[in-house]
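Notes for the structure review
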Amino acid sequence: MKKQNLINLAVTAALLLPMAASAFTPIPQGTGNISLSQILQIIINAILMIGGAFAVIMFVWAGIKFLTAQGAPDKVAEARNFFLWGVVGVAVMIIGTVIVTIVANLLNGSL
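Because the structure is predicted, anything quoted here is derived from the model rather than measured. (Residues numbered from 1 in each chain as written. Predicted model: local features only at pLDDT ≥ 70, side-chain atom pairs only at ≥ 80, totals over all residues. Heavy atoms only, no water.)

**A look at the overall build of the protein chain**
Tallying secondary structure elements over the protein chain gives 3 helices and 0 strands in all. Listing the helices and strands of the protein chain from first to last along the sequence gives α-α-α. In the protein chain, the share of contacts with a sequence separation of at least 24, taken over all contacts with a separation of at least 6, comes to 56%. For the protein chain, the accessible surface area stands at approximately 8100 Å², while carbon and sulfur atoms represent 74% of it. (Helix = DSSP H or I, 4+ residues; strand = E, 2+ residues; numbered from the N terminus. Contact = heavy atoms within 4.5 Å. Areas by Shrake-Rupley, 256 points an atom, 1.4 Å probe, with all protein chains shown as cover.)

**Structural notes on a nonpolar patch on the surface**
On the surface, Ile34, Leu36, Ile39, Ile43, Ile47, Ile95, Ile99, Val103 and Leu107 cluster together into a nonpolar patch covering about 800 Å² of accessible area. Breaking the nonpolar patch down by element, the ones donating at least two residues are helix H2 (36-69) and helix H3 (73-108). Position of isoleucine 39 among the secondary structure elements: in helix H2. Given a relative accessible area of 36%, isoleucine 39 falls into the partly exposed group. (Patch = residues over 30% accessible without salt bridge, like charges linked within 9 Å, V, L, I, M, F, W, Y side chains within 5 Å. Salt bridge = Lys/Arg side-chain N within 4 Å of Asp/Glu carboxyl O. Buried < 20%, exposed > 50% of the residue type's maximum accessible area, 1.4 Å probe, protein only.)

**Points about the pattern of salt bridges**
Taken as a whole, this structure holds 1 salt bridge when the rule is applied. Close ionic contact of lysine 65 with glutamate 78 constitutes a salt bridge, the shortest N to O distance being 3.3 Å. A residue pair is termed long-range when its members are at least 10 positions apart, and lysine 65 in helix H2 and glutamate 78 in helix H3 qualify at 13 residues. Among the residues examined, lysine 65 registers a relative accessible area of 22% and is labelled partly exposed.

**Here we look at the environment of phenylalanine 82**
Within the secondary structure, phenylalanine 82 is located in helix H3. Considering only alpha carbons, one finds phenylalanine 82 and methionine 58, 24 residues apart in sequence, at a separation of 6.5 Å. Apart from residues no more than four positions distant in its own chain, phenylalanine 82 is found in contact with Met58, Trp61, Ala62 and Lys65.

**Focus on the confidence of the model for the protein chain**
Looking at the protein chain as a whole, its pLDDT mean stands at 79, while 75% of the residues score no less than 70. Averaged pLDDT values for the elements of the protein chain fall to 67 in helix H1 (residues 2-22) and rise to 87 in H3. (pLDDT = per-residue confidence, 0-100.)

**Quick notes on the packing of aromatic side chains**
Tallied over the full model, the rule gives 1 aromatic pair. Plain terms: the ring middles of phenylalanine 59 and phenylalanine 83 are 5.3 Å apart, the flat faces sit at 50° to each other, and that makes the pair tilted. With a gap of 24 residues between them, phenylalanine 59 in helix H2 and phenylalanine 83 in helix H3 connect regions that are remote in the sequence. (Phe/Tyr/Trp six-rings, centres within 6.5 Å; stacked < 30°, edge-to-face > 60°.)

**Here's the deal with H3**
Taking 1.5 Å per residue, 36 residues should reach 52 Å; H3 reaches 52 Å between its end C-alpha atoms and fits that length. If you check which residues of H3 are buried, you get Val76, Ala79, Gly86, Thr97 and Ala104. Positive backbone phi, approximately 80°, marks glycine 109, located one or two places after H3. (Expected span 1.5 Å × (residues − 1).)

**Thoughts on the environment of leucine 48**
When you line up the elements, leucine 48 lands in helix H2. The spatial distance from the C-alpha of leucine 48 to the C-alpha of valine 90 is 9.5 Å, given a sequence separation of 42 residues. The contact partners of leucine 48, leaving out residues within four places of it in the chain, are Met93 and Thr97.

Next comes the structure, spelled out in structure tokens:
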């Protein structure tokens, strides 16, 4: 079973690597000064890209589990858990993004 977990981890890392590389947002050009809200926005964008890719992988994995369950109650329950935790992960990402954005706007004085 450990070999299968290692293979799953390697496949997940290979799928997330392009998303992580494209999540980089260059520092905005301007006067050379960068505000705290701009730094937080760059970090938020990177986390959302990686988290979104992970959520898509979770949903695809849950779909594969549903298709291969063949009506077995324990396998269907496992697939539902994958789907449920994928939804929970997306909800946490959205709530976290809202909280960090509000705090950044308060610190920047734009609210």
